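Structural description and commentary
One letter stands for each residue in the lines below.
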Amino acid sequence: MFYQLLRFGYQCLRSCSAMASAPFDWLWCSLGGVRWQWGWRLNGYPRFRTRGGRIQIGKRFCAHSRNRGNSIGVFQPVIITAWGKAAEVLIGNDVGLSGCSITAVDRITIGDRVLVGAGVLIIDTDAHPLSPEGRAAQQPAIAVPIEIGNDVFIGARAIILKGVKIGAGAVVGAGAVVTKDVPSRSIVVGNPAKIVGQV
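Anyway, here's the lowdown on the structure attached to this text. (Residues numbered from 1 in each chain as written. Predicted model: local features only at pLDDT ≥ 70, side-chain atom pairs only at ≥ 80, totals over all residues. Heavy atoms only, no water.)

Each helix and strand in the chain was counted, giving two helices and 19 strands. Out of the 199 residues in the chain, the part that is buried amounts to 43%. Long-range pairs, those at least 24 residues apart, make up 31% of the contacts in the chain with a sequence separation of at least 6. Here the chain has roughly 11,100 Å² of accessible surface; of this, 59% comes from carbon and sulfur atoms. (Helix = DSSP H or I, 4+ residues; strand = E, 2+ residues; numbered from the N terminus. Buried < 20%, exposed > 50% of the residue type's maximum accessible area, 1.4 Å probe, protein only. Contact = heavy atoms within 4.5 Å. Areas by Shrake-Rupley, 256 points an atom, 1.4 Å probe, with all protein chains shown as cover.)

Take the environment of phenylalanine 75 next. Take phenylalanine 75: it is sitting in the loop between strand S4 (62-64) and strand S5 (79-83). With residues up to four places along the chain from it excluded, the contact list for phenylalanine 75 reads Gly119 and Arg157.

What follows is about the pairing of strand S6 (residues 88-91). Here S6 shows two buried faces, one formed by Glu88 and Leu90 and the other by Val89 and Ile91. In the sheet, strand S3 (residues 54-57) pairs with S6 via four bridges, with the strands oriented parallel. Along S6, the bridge assignment pairs glutamine 56 with leucine 90. In this structure, S6 lies alongside strand S9 (residues 107-110), joined through four bridges in parallel fashion. By the bridge assignment for S9, leucine 90 is matched with threonine 109. (Pairing = 2+ DSSP bridges.)

The subject of this paragraph is the packing of aromatic side chains. Under the defined criterion, the tally for this structure stands at three aromatic pairs. Ring centres of tryptophan 36 and tryptophan 38 lie 5.9 Å apart, and the angle between their planes is 85°; on these two criteria the pair is classed as edge-to-face. For tryptophan 36, a relative accessible area of 16% corresponds to the buried category. Ring geometry for tryptophan 40 against phenylalanine 61: centres 5.2 Å apart, planes inclined by 70°, an arrangement best described as edge-to-face. Taken as a pair, tryptophan 40 in the loop between helix H1 (2-31) and strand S1 (41-43) and phenylalanine 61 in the loop between S3 and S4 lie far apart in primary sequence, 21 residues in all. Accessibility assignment for this pair places tryptophan 40 and phenylalanine 61 in one class, buried. (Phe/Tyr/Trp six-rings, centres within 6.5 Å; stacked < 30°, edge-to-face > 60°.)

Pasting the structure below:
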């Protein structure tokens, strides 16, 4: 009986806390050009940057932008950027992000139930032209969409580069640099990332 009362009290306290923070979460997301939804859990405030582009996030989104609630620590907030008028970041339902950076110049699509570890970088462009002449002429960098399937787990400090498709249920090891497509339910590690097993 005591345990049930204690659990009920804890649930009431969590509900009150969520309701108290909801107006601030809504305002923060609105200022960043993102439509907030009830049921999101924002541990610290993520940075949303919509430079003319669009960021769309599904239900029950969870973002850890500070250390509390993350066992290995977070050294930066979650940063999600749609850089340009045609840029899109589309994130599915039940996605969890921890101190990572996602930048789209074209499009980044993330499926449902994806977990992204601390320090991960997902970017669909080289950011600058590769040739010195291209940089001197301030030409735009090449951008190719990224697709991340449902139930993917991306370990801490991994880097996902332009044009990559990661199949459903795949695991990207910590620190991996993914330059090529990853088949569904594969485990990849290393730089460049290579398949070492199956889930």
